[in-house]
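So you can see what is in the structure, the chains are spelled out below.
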Amino acid sequence: MKTQVAIIGAGPAGLLLSQLLDLQGIENIVLERQSGDYVLGRIRAGLLEQGMVDMMNLAQCGDRLNREGLIHRGINLCFSGNLHNIDLSALTGGKTVMIYGQTEVTRDLMAARQKMGGNLIYEAKDVAIHNLDDDHPRVTYTKDGQAFEIVCDYIAGCDGFHGVSRQSIPAETLKTYEKIYPFGWIGLLADTKPVSDELIYVHHEKSFALCTMRSASRSRYYIQCPLDDTVADWSDDRFWSKLSQHLPAETAAQLETGPSIEKSIAPLRSFVAEPMRYGRLFLAGDAAHIVPPTGAKGLNLAASDIYFLSNALIAFYKTNQTDLIERYSENCLRRVWKATRFSWWMTSLLHHFPENGAFGTKLQLAELDYLAESTAAQTALSENYVGLPFR
Ligand code: APR
Ligand code: PHB
């Protein structure tokens, strides 16, 4: 087979790129290791910056999200038992964020690809990249026991943290930066009314908690947990009672509990790989970087990578320009590092780090107190939270 761009991975990054290229008449094939149902079974964060919403609209995939997404103008920080509202919108000249699950983003992109007759190959196994150094790289894979080969101009590695793309870059070229946090998050999804209209990020003596939602009748909650915990350690009862201990009494009184629909534990990690391009291979999304979920930057960073990548490929195919291709890595990484810093900062501010002792907790509380009373500090948080510009 021959195509212009081979895309590895049908997560939000790969699907969004495929859709944007197809709309410009650029041929592409997407190879996904898992089945479509498996991809849709993964529950991830659900907060979209305006930049991501704009990309979905540009991809002609924004209809449902514009109808069903919940617009949020602020967030709450909770510490020492008190709630403090941060008016994101007032502090950023009217910007907002949208609550809309990543699973739904993926579903909308998949439906659009199908409708346009996109070439999406699910359950493609043994994907491997070859000839990266010449003008016509190749991607091989097997499907139902048969071997296939795609010859292309460019490869987009959108295959997440555990994919093959990043591993195909020679080790001496790739530099990686990593921080592993000494805890994870247990998340619970339930068909209950969210405890608050706006998200609540809770700093608490022994662990962090987050109250978020998927819709007006579906809540998503998270609690910081030890890395060696398993879902079996967290009965629904234990989760609800622990969550309620994190909240001020009047908020806890509003907490509607119910059976969980999903529970999962995720470790927290910051990771960046540089450069994000090697010859004709581009890395985008989780293949190149991971942020801890505090601030929900993962999906939004994938969107800004695809903004830079789609523009670079469109400029090449329409006007033979290669400067955006050459600057792809540098353009992405400037924004990636800022979001990496912000996610690390929010994580550091709000979680319990036993190794930092009582001194560390006092510093967190002093910074939270400063945030609660300083418009300057709240503005810095808000600018980053609603998303830095794609440039
Ligand atoms: N071959 C083909 N597909 C692969 C391979 C492989 N060897 N390895 C991984 N994949 C697929 C995965 O099955 C997955 O569907 O690549 C896809 C990568 O998708 P995501 O992990 O969702 O990553 P990305 O599209 O970059 O989206 C970033 O997703 O992980 C969250 O927090 C992250 O919200 C962020 C967003
Ligand atoms: C979510 O809705 O899952 C979510 C929201 C905000 C975060 C993290 C996760 O910071």
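Look above for the structure.
None of the values given here were measured: they were computed from a predicted structure. (Residues numbered from 1 in each chain as written. Chains lettered and ligands numbered in written order. Predicted model: local features only at pLDDT ≥ 70, side-chain atom pairs only at ≥ 80, totals over all residues. Heavy atoms only, no water.)

Topic: unusual backbone geometry
Then, in step 1: Between E274 and the following residue, P275, the backbone shows a cis peptide bond with an omega angle of -5°.
Then, in step 2: In this fold, P275 is placed in the loop between β17 (260-274) and β18 (277-278).
Then, in step 3: Not every positive phi belongs to a glycine, and S80 is a case in point at roughly 50°.
Then, in step 4: Following the sequence through the fold, S80 ends up in the loop between β5 (75-79) and β6 (82-86).
Then, in step 5: On the accessibility criterion, S80 (56% relative accessible area) is exposed. (Helix = DSSP H or I, 4+ residues; strand = E, 2+ residues; numbered from the N terminus. Buried < 20%, exposed > 50% of the residue type's maximum accessible area, 1.4 Å probe, protein only.)

Description of helix α1 (residues 12-23)
Then, in step 1: Compared with the 16 Å implied by 1.5 Å per residue over 12 residues, the 16 Å span of α1 between its first and last C-alpha is a close match.
Then, in step 2: In terms of burial, α1 is a largely internal element, 10 of the 12 residues being buried.
Then, in step 3: Buried within α1 are the following residues: P12, A13, G14, L15, L16, L17, S18, Q19, L20 and L21. (Expected span 1.5 Å × (residues − 1).)

Notes on the environment of Q167
Then, in step 1: Inspection of the secondary structure assignment puts Q167 in the loop between β12 (154-157) and β13 (175-190).
Then, in step 2: Since its relative accessible area comes to 57%, Q167 is described here as exposed.
Then, in step 3: Sequence-wise, Q167 and A287 are 120 residues apart; in three dimensions their C-alpha atoms are separated by 9.5 Å.

Notes on the nonpolar core
Then, in step 1: Counting 78 residues, the largest nonpolar core has L31, L48, I306 and L313 as its most contacted members.
Then, in step 2: What L313 contacts, discounting residues up to four positions off in sequence, is V5, L17, L21, I26, Y154, F282 and I325.
Then, in step 3: Formed by 32 residues, the second largest nonpolar core is a distinct cluster that contains L77, W185, F342 and Y385. (Core = buried A, V, L, I, M, F, W, Y, C linked by side-chain atoms within 4.5 Å. Contact = heavy atoms within 4.5 Å.)

What about empty space enclosed by the protein?
Then, in step 1: The full count for this structure, using the stated rule, is three cavities of 30 Å³ or more.
Then, in step 2: For the largest cavity, the calculated volume is near 100 Å³.
Then, in step 3: In terms of lining, the largest cavity is formed by 14 residues, of which the most central are A45, L210, T212, Y222 and A296.
Then, in step 4: Here the element with the most residues in the lining of the largest cavity is strand β15 (residues 209-215); it accounts for three residues.
Then, in step 5: Of the residues assigned to the lining of the largest cavity, the class counts are 10 nonpolar, three polar and one charged. (1 Å grid on protein atoms, 1.4 Å probe; cavity = no way out; pocket = protein on both sides within 12 Å on 5 of 7 lines; lining within 4 Å. Points joined across faces, edges and corners; volume = space filled by probe spheres on them. Nonpolar A, V, L, I, M, F, W, Y, C, P; charged D, E, K, R; others polar.)

Describing the site of ligand 2
Then, in step 1: Taken together, 13 residues form the shell around ligand 2, and within it Y201, T212, R214, Y222 and G295 come nearest.
Then, in step 2: Take Y201: an N or O atom from its side chain is 2.6 Å from an oxygen atom of ligand 2.
Then, in step 3: Under a 2 Å grid-point criterion requiring more than half of the atoms, the pocket assigned to ligand 2 is the largest cavity.
Then, in step 4: No other element matches β15, which puts three residues into the shell around ligand 2.
Then, in step 5: Looking at the shell around ligand 2 residue by residue, the classes come out as eight nonpolar, four polar and one charged. (Near = heavy atom within 4 Å. Polar contact = N/O pair within 3.5 Å; in protein donor to acceptor, adjacent residues only side chain to side chain. Sits in = over half its atoms within 2 Å of the grid points.)

Structural notes on the pairing of β15
Then, in step 1: The element β15 is extensively covered by neighbouring structure, given that six of its seven residues are classed as buried.
Then, in step 2: When strand β14 (residues 200-202) meets β15, the two strands line up antiparallel, connected through three bridges. By the bridge assignment, V202 is partnered in β15 with A209.
Then, in step 3: Counting the residues that bridge the hairpin from β14 to β15 gives six residues.
Then, in step 4: In sequence, β15 turns back onto strand β16 (residues 218-225) through a hairpin of two residues. (Pairing = 2+ DSSP bridges.)

Section: the side chain of R335
Then, in step 1: Relative to the elements of secondary structure, R335 occurs in helix α11 (residues 328-350).
Then, in step 2: By relative accessible area, R335 is classed as buried at 6%.
Then, in step 3: If we skip the residues at most four places from it in the chain, R335 touches E49, N300, L301, S304, G387, L388, P389 and F390.

Here we look at the pattern of salt bridges
Then, in step 1: Taken as a whole and assessed by the stated rule, the structure comprises 14 salt bridges.
Then, in step 2: For R269, the salt bridge is made with E178, and the minimal N-O distance between the two is 2.4 Å. Taken as a pair, R269 in strand β17 and E178 in strand β13 lie far apart in primary sequence, 91 residues in all.
Then, in step 3: Owing to a relative accessible area of 46%, E178 belongs among the partly exposed residues under this scheme.
Then, in step 4: One salt bridge in this structure joins D236 and K263, with 2.5 Å as the shortest N-O distance. Of this pair, D236 sits in helix α7 (residues 236-246) while K263 sits in strand β17, placing them 27 residues apart in sequence.
Then, in step 5: Residues joined by salt bridges that share partners form a network here, namely R64, E68, E104, R107 and D108. (Salt bridge = Lys/Arg side-chain N within 4 Å of Asp/Glu carboxyl O.)

Quick notes on the site of ligand 1
Then, in step 1: Surveying the vicinity of ligand 1 reveals 24 residues, the closest of which are E32, R42, R44, Q102 and D286.
Then, in step 2: Between P12 and ligand 1, the recorded distance is 3.3 Å, taken from a backbone N or O atom to an oxygen atom.
Then, in step 3: Backbone polar atom of A13 to an oxygen atom of ligand 1: 3.0 Å apart, as the coordinates give it.
Then, in step 4: Protein contact buries 90% of the 700 Å² of open area that ligand 1 shows by itself.
Then, in step 5: Taken together, the elements giving at least two residues each to the shell around ligand 1 come down to α1 and α9 (298-319).
Then, in step 6: Sort the elements by how many residues they give to the shell around ligand 1 and α9 lands first, with three residues.
Then, in step 7: Of the residues in the shell around ligand 1, the class split is 10 nonpolar, eight polar and six charged. (Areas by Shrake-Rupley, 256 points an atom, 1.4 Å probe, with all protein chains shown as cover.)

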